[in-house]
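# Tertiary structure, described
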Amino acid sequence: AALREGYKGFDPRAYLQNNYLPPRADFSSEEFVVPWKLRCLAETFASGEIRGHTLIDVGSGPTIYQLLSACDHFEEIVATDYLAVNREELGRWARGEPGTFDWSPFIRHVCKIEGRGEPWQEKERRLRDRLRRILPIDVHQPDPLGAPLRPPADALLSAFCLEAVSPDRAAFARALAHVGSLLRPGGHALLLGALGESFYLAGAARLPVVPLAEDDVRAALAGAGFALRDFRSYAMPPALRTDVDDVDGVFFAHAQK
């Protein structure tokens, strides 16, 4: 209940400014956190193994960067978020309305690291075209969408969601199991998240985060019936440690149901 109350003050624009503009969104070096996240996803999708009809993105927030490599491998992308303000922000971007956040530096960077010589506008158009549904979700419910996904998703992606909406590690593990139910057997799950973070700011809202260690993530995946395929971690350098949160690092996990 306290978590839900805190999220009433969530400001998507402030969140985007704090995390997706410089210094954190600096593309001048692969050593920075945003290029690291984008490379984890690009390299994982480049294998060609993770593909299918539907990918569900759990807790999209107001961001689309996490879908840039994914959109080439799925016919339909389902974005989800608990907050109407985030779903509205995504909808405005998907419709190409003016005044939305400028994701073009992210799209250009992903096109560059994928190395296919694709014009960035082409990838932007493809993602908008395939982002078919933007749905409400509550990861603390056994049926997070209110009803089973039919057919179940071929892949699941979730970036910086579960640890930010769970009061403790047990709730994080339960939420992971709940969202895992949206995935078909054999389906792939890709997670990005914070390590050692206890809070972050989004405008007037100061939001609690459950501080996770790498072993907490591994244990939660195993407990939810996933086999770990790849695990990477990134230590937040001092230059990127700002007063908008107290994050120590970032993890990337690829697992299979």
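Residues numbered from 1 in each chain as written. Predicted model: local features only at pLDDT ≥ 70, side-chain atom pairs only at ≥ 80, totals over all residues. Heavy atoms only, no water.

## Quick word on the pattern of salt bridges
In this structure the tally under the stated criterion is 24 salt bridges. Put simply, K123 and E114 hold a salt bridge, and the shortest N to O gap is 2.9 Å. Three or more residues joined by partner-sharing salt bridges are found here, namely D72, E114, R116, E118, K123 and R126. (Salt bridge = Lys/Arg side-chain N within 4 Å of Asp/Glu carboxyl O.)

## What to know about the nonpolar core
Within the largest apolar cluster, 59 residues are counted, with the highest numbers of intra-cluster contacts made by Y20, F45, L55, Y65, W103, F106 and Y200. By residue number, the principal contributor to this core is helix α3 (residues 33-46), which donates eight residues. If near-sequence neighbours (up to four positions away) are discounted, Y20 is found in contact with Y15, A25, V34, K37, T63, Y65, F101, W103 and F106. Core analysis: the next-biggest nonpolar cluster, separate from the first, contains 31 residues, L183, V210, A224 and F231 among them. (Core = buried A, V, L, I, M, F, W, Y, C linked by side-chain atoms within 4.5 Å. Buried < 20%, exposed > 50% of the residue type's maximum accessible area, 1.4 Å probe, protein only. Helix = DSSP H or I, 4+ residues; strand = E, 2+ residues; numbered from the N terminus. Contact = heavy atoms within 4.5 Å.)

## What to know about the environment of F199
Within the secondary structure, F199 sits in strand β6 (residues 199-202). When neighbours within four sequence positions are excluded, F199 is seen to be in contact with R206, L207, P208, V209, D243, V244, D245 and D246.

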